[in-house]
Amino acid sequence: MKAVVQRAVNASVTVEENDVGTIDRGLVVLLGVNHEDTEEDARYLAKKIPYLRIFEDKDGKMNHSLVDLGGQMLSISQFTLYGDCRKGRRPNFMQAAKPDQAEKLYESFNQMVEQEGVKVETGEFGAMMDVKLTNSGPVTLIIDSKER
């Protein structure tokens, strides 16, 4: 699984002009699922992301995690993270999981993060979504469960 993690002051996601998820201070996670991913990949990211020390302490050093701050997460499914752009001009999405597998692992990831004590808001799996965020810092990280 691949995650793009963005520290946010606030964020929201809409589907067909309806708000489906909103957070205040926290993380926006764009999550892509590879066709070879398993529950173990979801578990790895769910145990890693909420504890990343990417929020400042009183001295301006990144020493606090999402869990430390009681922050929220906006989780968005994002199959295009597995777009291969090496050949030609049209991305190849053959590495992305099929929708049934991807949705199951996406939901598992969200549930596992909630078990860590983080409130998780989500988009709508498979829908066209508009995501708005105020990226704080900006701080943006890419984490791949296969690169441990």
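Note that the structure is a prediction, hence the values are computed from the model and not measured.

Quick notes on a negative patch on the surface
(1) Moving on: Side chains of E16, E17, E124 and D130 sit close together on the surface and give a patch of like negative charge.
(2) Moving on: Owing to a relative accessible area of 41%, E124 belongs among the partly exposed residues under this scheme.

Describing the nonpolar core
(1) Moving on: V29, L45, I49, M73 and F109 are the most contacted members of the largest nonpolar core, which totals 28 residues.
(2) Moving on: Of all the elements in the fold, those that place two or more residues in this core are β1 (2–15), β3 (26–32), α1 (39–48), α3 (99–115) and β8 (130–144).
(3) Moving on: Considering every element that reaches this core, the biggest residue donor is α3, with six residues.
(4) Moving on: Setting aside chain neighbours within four positions, we find M73 in contact with I23, L27, V29, I49, L66, F109, V113, V118, K119, V120 and E121.
(5) Moving on: In this structure, A11, I23, L30 and I76 belong to the second largest nonpolar core, which totals eleven residues.

Describing α3
(1) Moving on: Between its terminal C-alpha atoms α3 stretches 24 Å, which fits the 24 Å expected from 17 residues at 1.5 Å a residue.
(2) Moving on: Among all positions in α3, only A102, L105, Y106, S108, F109, N110, M112 and V113 are buried.
(3) Moving on: Lining the buried residues of α3 we find β3, α1, β6 (72–77) and β7 (119–122).
(4) Moving on: Taken from the residues just after α3, G117 is the one with a positive phi, measuring 90°.

Calculation criteria
- Residues numbered from 1 in each chain as written.
- Predicted model: local features only at pLDDT ≥ 70, side-chain atom pairs only at ≥ 80, totals over all residues.
- Heavy atoms only, no water.
- Patch = residues over 30% accessible without salt bridge, like charges linked within 9 Å, V, L, I, M, F, W, Y side chains within 5 Å.
- Areas by Shrake-Rupley, 256 points an atom, 1.4 Å probe, with all protein chains shown as cover.
- Salt bridge = Lys/Arg side-chain N within 4 Å of Asp/Glu carboxyl O.
- Lys, Arg positive; Asp, Glu negative; His and termini not counted.
- Charge placed at Lys NZ, Arg CZ, Asp CG, Glu CD.
- Buried < 20%, exposed > 50% of the residue type's maximum accessible area, 1.4 Å probe, protein only.
- Core = buried A, V, L, I, M, F, W, Y, C linked by side-chain atoms within 4.5 Å.
- Helix = DSSP H or I, 4+ residues; strand = E, 2+ residues; numbered from the N terminus.
- Contact = heavy atoms within 4.5 Å.
- Expected span 1.5 Å × (residues − 1).

That is the geometry; function is a separate question.
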